[in-house]
Protein chains: 2
Amino acid sequence: MNYLGIDIGGTNIVIGIVSAENEIIYSNSFKTNTFLTAKDCANTIFKDLKENTKHTIAGIGIGAPSVNSFTQNIENPPNLIWGDIIPLTEIFESTFNLKTTLINDASAAAIGEWKFGGAKGLENFALITLGTGVGIGLVLNGKIYNGANGLGGEFGHICIDRNNGRECNCGGHGCLESYIGKEGILKTAKQKIEFSSGSSKLHDFIPSEIKSKDIFKFARKEDPVAVDIVDSISRDLGYAISMLANSLDLKQIFLFGGLAKEGNFIKKRTLKAMKPYLMPNIKENISLQISELNEQNPAILGAAYLAKNGDS
Amino acid sequence: MNYLGIDIGGTNIVIGIVSAENEIIYSNSFKTNTFLTAKDCANTIFKDLKENTKHTIAGIGIGAPSVNSFTQNIENPPNLIWGDIIPLTEIFESTFNLKTTLINDASAAAIGEWKFGGAKGLENFALITLGTGVGIGLVLNGKIYNGANGLGGEFGHICIDRNNGRECNCGGHGCLESYIGKEGILKTAKQKIEFSSGSSKLHDFIPSEIKSKDIFKFARKEDPVAVDIVDSISRDLGYAISMLANSLDLKQIFLFGGLAKEGNFIKKRTLKAMKPYLMPNIKENISLQISELNEQNPAILGAAYLAKNGDS
């Protein structure tokens, strides 16, 4: 049987029908902001499948931000305009008349990595998603980890600066996400460009038009300000991962998302920044890897897998 | 059937025969430094049981520091003089001719709390041990968590000061343990007493003779320097727990050991220090508790339980 995997993001919604052989045999995508309600979204996807494919599906798995896996609602999402409490599972089940399962997007990606990527067969690992926000998917004791409150872990909101922490969208200060989430990187860039006196290609940009990609492009060419920004991102990410790896005695950590597309360039610097903080026994065995599915969509594969098999 | 639980610490070794009704029906203790080798220790315990009790046992569970639960060895223990790699399970099995299981002492305590204390029935929680060192026992996804390297988590060695961190026995800098472990507290106390000009009962002590208990005694009487030391401990512990609780979306955290004996006095301050760093959804539901077995020996109960039932 085929299952439908859906990856709901703040910008795009991507859907894919996944076959019994775990191949995506149909896919499509939509702009998130074209839907005023979750019901609109479910109706459009229903219509899309009806009109554009003959493949039938036996169930639906959805990865989305701000999911509470216990209530099967999206709760207080900062990047969706569909309300505060969105009963997404209920909406899709009533639209499709098919069993639907909702999970944190980072957890869906971790399932994808676990079943089809670099984490095959692992009992314990973390996948860190680096995009607009910073998220985490955890497999612990051989099962996907949903957390005590169904949130699955809020790695983007551990505080990495106790004293002078930046304000974060969550209301806290010093959260990792406020430094290495999309907005955070651009804030750091703006500050570093403004206060650098030396020459840098980044001075030629209108500050509001700089993108993370540009920063990495110039850092690879050894532009000093761009290198300084990338080093700052790596230091913060490496420090945060060290806390996770020490607390949980982890060996394998995967990076996924926009920043992870910078490959070895970001990985090597992050690993170097991490190591001084790791316990000797953990440092010896640590492996930081770029997701093997970084160019694909592990959240769709993971969500469809979850719909088919449950969470183990 | 009865099982023998053993709690090996840097100062004392406590043994207990636990009945089928989970009651300790025989117990004894030994000074750790009277044994030059692990074999001496096993022989003495064997003789002790033979001479002093008629209860038979069906298996042995041991909680100890620096355990690798995968190899069943103690590895590079800073507080034991029995060698670098100590095949403790093998030694006890050959001495007693009984199946023996070795586990991290904090994990043994977590099993005790889970089966017989305040954590009964929980799927996910952390127990933090506050003694000479700072350790962690984790139950995640309904099973005791042994970690990817068999170390079970090194919470005492997460870095809480990236910039000016204190040197730690592990070789790192800024580790939590170097601030709120036994030595760390006394180091903080010494510094604060030395640099305080106001009046404090702590000035009457010979610095090397101050004990953690004294500091708390005077803090309860509002001695300003003692209060300052306790606040510093609470801030560091609270901050560290916030990182754990956010990363793992935890609800229940238990404190165990010497510092936990200060009860509400330490709990309230730690909770207050934690809250500003917690994500809103996690903050709402967080519960910090003193171990219900703090006056007993959960590690013996937990180790015996493990010997009898395995780790789930």
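The structure presented is a predicted model; accordingly, all values stated were derived computationally and were not measured.

1. Thoughts on the packing of aromatic side chains
So, step 1. Summed over all chains, the structure comprises 16 aromatic pairs over all chains.
So, step 2. Centre to centre, the rings of Phe216(B) and Phe265(B) are 6.3 Å apart; their planes meet at 75°, and the pair counts as edge-to-face. Of the two residues, Phe216(B) is situated in helix H6 (residues 212-220) and Phe265(B) in helix H8 (residues 264-274); the sequence distance between them amounts to 49 residues. Neither Phe216(B) nor Phe265(B) differs from the other in exposure class; each is buried.
So, step 3. For the cation-ring pair, Arg269(A) lies above Phe265(A), with the distance from its terminal atom to the ring centre recorded as 4.4 Å.

2. A look at the pattern of salt bridges
Residue and element names in this part refer to chain A.
So, step 1. Scanning all chains against the criterion turns up eight salt bridges over all chains.
So, step 2. The partner of Asp-228 in a salt bridge is Lys-192, with the nearest N and O atoms 3.5 Å apart. Of this pair, Asp-228 sits in helix H7 (residues 224-248) while Lys-192 sits in helix H5 (residues 182-195); the two residues are 36 residues apart in sequence, bridging distant segments of the chain.

3. What about unusual backbone geometry?
So, step 1. Its identity is not glycine, yet Asn22(A) carries a phi of approximately 65°, on the positive side.
So, step 2. Position of Asn22(A) relative to the elements: it lies in the loop between strand S2 (12-18) and strand S3 (24-31).
So, step 3. Phi angles above zero are rare outside glycine, and Gln72(B) is one such case at about 65°.
So, step 4. Checked against the element boundaries, Gln72(B) lands in the loop between strand S5 (67-68) and strand S6 (73-75).

4. Comments concerning the sheet that holds strand S7 (residues 85-86) of chain A
Residues and elements named next belong to chain A.
So, step 1. Within the open sheet, the three strands sit side by side as S5-S6-S7. Their pairing is antiparallel. With one partner strand each, in any of the chains shown, strand S5 (67-68) and S7 form the two edges of the open sheet.
So, step 2. Here S5 runs beside strand S6 (residues 73-75); their pairing, made up of two bridges, is antiparallel. Bridge assignment links Asn-68 to a residue of S6, and that residue is Asn-73.

5. Let's talk about the sheet that holds S3(A)
All names here are of chain A.
So, step 1. Spatially, five strands are ordered S3-S2-S1-S4-S8 in an open sheet, and the strand pairing comes out mixed. If you trace the sheet from one side to the other, it starts and ends with S3 and strand S8 (100-104), each paired once. Ignoring strand direction, the axes of neighbouring strands in this sheet form an average angle of 15°.
So, step 2. Strand direction decides the pairing type here: S2 and S3, joined by seven bridges, are antiparallel. Across the sheet, the residue bridging to Ile-15 is Asn-28, located in S3.
So, step 3. Relative to the sheet, helix H2 (residues 88-96) contacts strand S1 (3-8), strand S4 (60-64) and S8, its axis offset from that of S8 by approximately 150°.
So, step 4. Helix H10 (residues 298-309) rests against S1, S2, S3, S4 and S8 of the sheet, and its axis sits at about 135° to S1.

6. With respect to the environment of Gly10(A)
Residue and element names in this part refer to chain A.
So, step 1. Checked against the element boundaries, Gly-10 lands in the loop between S1 and S2.
So, step 2. Look at Gly-10 and you get partly exposed, because its relative accessible area is 43%.
So, step 3. Linking Gly-10 and Thr-32, residues 22 residues apart in sequence, is a C-alpha distance of 6.3 Å.
So, step 4. If we ignore the near neighbours within four places in the chain, the residues touching Gly-10 are Thr-32 and Asn-79.

Thresholds applied
- Residues numbered from 1 in each chain as written.
- Chains lettered and ligands numbered in written order.
- Predicted model: local features only at pLDDT ≥ 70, side-chain atom pairs only at ≥ 80, totals over all residues.
- Heavy atoms only, no water.
- Phe/Tyr/Trp six-rings, centres within 6.5 Å; stacked < 30°, edge-to-face > 60°.
- Helix = DSSP H or I, 4+ residues; strand = E, 2+ residues; numbered from the N terminus.
- Buried < 20%, exposed > 50% of the residue type's maximum accessible area, 1.4 Å probe, protein only.
- Lys NZ or Arg CZ within 6 Å of the ring centre and 35° of its normal.
- Salt bridge = Lys/Arg side-chain N within 4 Å of Asp/Glu carboxyl O.
- Pairing = 2+ DSSP bridges.
- Axes fitted to C-alpha atoms, helices over the stretch in contact; angles between N-to-C directions.
- Contact = heavy atoms within 4.5 Å.

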